[in-house]
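# Structural overview for review
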Amino acid sequence: MTASHDLGPTLVVGDSHLAHEVVRELAARNAPCVRPGDALAWEQLGAAVFCDDDDPANIAGAIDLRERAPATRIVLRSFNSRIADRLPELLGDCRVLSASRIAAPHICDAAVGTGGPEHGPRRRTWATRTVDRVRGSSATAVGRQLWRRPLLRWSLAGMALLVLVQTLVARAAFGYDAVESLHVGIASITTFGFADSGLAGVALADEAPAVQVAATLTMLIDVVLVTVLLALVADALIGERFARVFGGSARRLRGHVVIAGLGTVGFRVLDELHRRGYRCAVIEADDDGPFVAAARRLGAHVTIADVRQEEEFGQLSIDRAVAVLALTDSDSSNLEAAFTAMSIAPDVPVVVRCYDPQLAARLERLDGVAASRSVARLSAPAFVAAALD
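First, a word on scope: everything that follows refers to the structure included in this document. (Residues numbered from 1 in each chain as written. Predicted model: local features only at pLDDT ≥ 70, side-chain atom pairs only at ≥ 80, totals over all residues. Heavy atoms only, no water.)

### Let's talk about the overall build of the protein
Let me state the cut-off plainly: Only DSSP runs of H or I with at least four residues qualify as helices, and only runs of E with at least two residues qualify as strands; both kinds are numbered from the N terminus onward. Accessible area is worked out with a 1.4 Å probe on protein chains only. A residue is then buried under 20% of its type maximum, exposed over 50%, and partly exposed in between. With residues, only the protein chains shown are counted as cover, and all accessible areas are computed by Shrake-Rupley using a 1.4 Å probe.
A tally of helices and strands in the protein yields 17 helices and eleven strands. In the protein, buried positions account for 46% of the 389 residues. Looking at the protein as shown, the accessible area adds up to about 19,000 Å², and 58% of this sits on carbon and sulfur atoms.

Right under this line is the structure:
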């Protein structure tokens, strides 16, 4: 580090929460700090921190500063990792940081601890995880989907009744014993009635008219019931496939993490939890949000709804979750989401993103709120260290 970094003041650009936290952190370190509009000499700056919420504005300001002060260290806030890789090549002494990337591990630690799902707040044994995998599998989900449909239950009941009728007809018409009659009754379902003379061993045309009529009716009913059953299974399989691709319902999840809000912070936290092995259910208000598709590619169950609607939270299996994270860009929305989650599942820990440090401290004193975190406060020390160290 050059002497200018040791002696010169640090310019903090931006009016975001992060900018105010950086100023506070610099004051705590007794490091001189200036803001845009203050009287300053460009060549005397030790470092400049661009920490507005607008990435393009930060980049434009950094380029302008580099033209004025070629030797000044630049610390730039940017969410885009590609920009972070390229800007140092263009601007020289430049460090690019992401506030959400810095804060995400801390938020995850507050919610689920430092390990994976087996080390989280609710320790899950091998047997529990195996049961959860079975419950969360596609086959189990398809089975539950089918069983919830009354038409399937009626179709199965109709097939059972039809087997009984065909068993009785086979016994009465052909003189079979009970086992043989039951075999004929079941086999006739797959061959659509007694038309196959191999089943009964005799030609149906030689039987009484009543037997022929009964056999004809059962063939027609067989066709209808089997067609309905196949259609229901196909519909459930296709529906489950779409659910896997587009997020689907989170009702079958267990041991997952619920995330309210899919902005830059919410997505970084989702990505971190995914790397730690957690399944996640996300609720996001904006269907066209920039991270919705990426969240679904990570396997998250994304529900498009207002995080403040209690009925939507009921779809996220909060009572079976290990934690709930309220991470929208609004303190009021986060509070409402947190209180809603606490009312549904009081025993599930809740982590709240909060801009106001005083409010955050008060929230942590509430039962049910595991932690309240400010992204700006969590990431400010890293920005200051990049500027001064």
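That shown, we press on.
### Some words on the nonpolar core
Side chains of nonpolar character tend, in soluble globular proteins, to be buried together. Put simply, the test is: Think of a nonpolar core as a cluster: buried Ala, Val, Leu, Ile, Met, Phe, Trp, Tyr and Cys residues, connected wherever their side-chain atoms sit within 4.5 Å. Here, two residues are considered to be in contact whenever any of their heavy atoms come within 4.5 Å of each other.
Residues Val-22, Ile-259, Val-269, Leu-273 and Leu-325 are the most contacted members of the largest nonpolar core, which totals 49 residues. Ranked by the residues each element gives to this core, the list is headed by helix H17 (residues 375-388), at eight residues. The residues contacting Leu-273, other than those within four sequence positions of it, are Cys-108, Val-112, Val-257, Ile-259, Tyr-278, Cys-280 and Leu-325. Listed in part, the 26 residues of the second largest apolar core include Leu-253, Ala-281, Ala-338 and Val-348.

### Quick word on helix H3 (residues 55-68)
Counted only if it meets this: The span one expects for a helix is its residue count, reduced by one, times 1.5 Å. To obtain the arc, one takes the directions from the helix axis to the C-beta atoms.
With 14 residues, H3 extends 20 Å from end C-alpha to end C-alpha; this agrees with the ideal 20 Å at 1.5 Å per step. Residues of H3 that are buried: Asp-55, Asn-58, Ile-59, Ala-62, Leu-65 and Arg-66. For H3, the buried positions fall inside an angular range of 130° around the axis, keeping them on one side. Across from the buried face of H3, at angles greater than 90 degrees, the exposed residues are Pro-56 and Glu-67. Its buried side turned inward, H3 meets strand E3 (47-50), strand E4 (73-77) and helix H4 (81-91).

### Side note on helix H5 (residues 99-112)
Here H5 spans 20 Å end to end across 14 residues, near enough to the 20 Å set by a 1.5 Å rise per residue. Looking one or two residues beyond H5, the residue adopting positive phi is Gly-113, at roughly 85°.

### A few points about the side chain of Glu-25
As for its position among the elements, Glu-25 is in helix H2 (residues 17-28). Glu-25 gets classed as buried once you look at its relative accessible area, which sits at 14%.

### A short note on the pattern of salt bridges
Just so we agree on the cut-off: We define a salt bridge as a contact between a side-chain nitrogen of Lys or Arg and a carboxyl oxygen of Asp or Glu at a distance within 4 Å.
All chains considered together, the criterion is met by twelve salt bridges. Across the pair Glu-25 and Arg-29 runs a salt bridge, and its minimum N-O distance is 3.6 Å. A cluster of three or more residues bridged by salt bridges with shared partners is formed by Asp-109, Asp-271, Glu-272, Arg-275 and Arg-276.

### Topic: the pairing of E3
As a reminder of what qualifies: A pair of strands is considered paired only if DSSP assigns at least 2 bridges between the two.
Of the two faces of E3, the one holding Ala-47 and Val-49 and the one holding Ala-48 and Phe-50 are both buried throughout. Here four bridges tie strand E1 (residues 10-13) to E3, and the two strands are oriented parallel to one another. Paired with Val-12 across the two strands is Val-49, which belongs to E3. Here E3 pairs with E4 via four bridges, running parallel. Pairing of Phe-50 across the sheet is with Leu-76, part of E4.

### Some points on the sheet that holds strand E7 (residues 280-284)
Each strand in a sheet pairs with another by means of backbone hydrogen bonds, the pair being arranged parallel or else antiparallel. Just so we agree on the cut-off: Structural elements are reduced to axes, namely lines fitted to C-alpha atoms, with helices fitted over the stretch in contact, and the angle between N-to-C directions of any two is expressed from 0 to 180 degrees.
Overall, parallel pairing links the six strands, which are arranged E8-E7-E6-E9-E10-E11 in an open sheet. Two strands lie at the open edges of the sheet, namely strand E8 (301-304) and strand E11 (369-373), each paired on one side alone. Averaged over all neighbouring strand pairs, the angle between strand axes comes to 15°, with direction disregarded. Bridge analysis of strand E9 (residues 323-326) against strand E10 (residues 350-353) gives three bridges, and the strand direction is parallel. Bridge assignment links Val-324 to a residue of E10, and that residue is Val-350. Against the sheet, helix H15 (residues 331-344) touches strand E6 (257-260), E9, E10 and E11, its axis set at about 170° to E10.

### Quick word on the sheet that holds strand E5 (residues 94-97)
Taken together, the five strands give an open sheet; going across it, the order is E2-E1-E3-E4-E5, and neighbouring strands pair in parallel fashion. Here the strands that pair on one side only, and so sit at the sheet edges, are strand E2 (33-34) and E5. Each of E3 and E4 touches H3; the most contacted strand, E4, lies at about 170° to it. Sitting on the sheet, H4 is in contact with E4 and E5, with an inclination near 165° to E5.

### Description of the pairing of E10
Taking every second residue as pointing to the same face, both faces of E10 are buried, with Val-350 and Val-352 on one and Val-351 and Arg-353 on the other. In this sheet, E11 lies alongside E10 in parallel orientation, the contact comprising four bridges. Residue pairing for E11: Val-352 is matched across the bridge by Ser-372.

### Remarks on the side chain of Ser-16
For the record, the criterion: Two N or O atoms count as a polar contact when they lie within 3.5 Å, although within protein this holds only if one can serve as hydrogen donor and the other as acceptor, and sequence-adjacent residues are included solely when both atoms are side-chain atoms.
Looking at the secondary structure, you find Ser-16 in the loop between E1 and H2. There is a polar contact of 2.6 Å between the side chain of Ser-16 and the backbone oxygen of Cys-51. Among residues more than four places away in sequence, those in contact with Ser-16 are Cys-51, Asp-52, Asp-53 and Arg-77.

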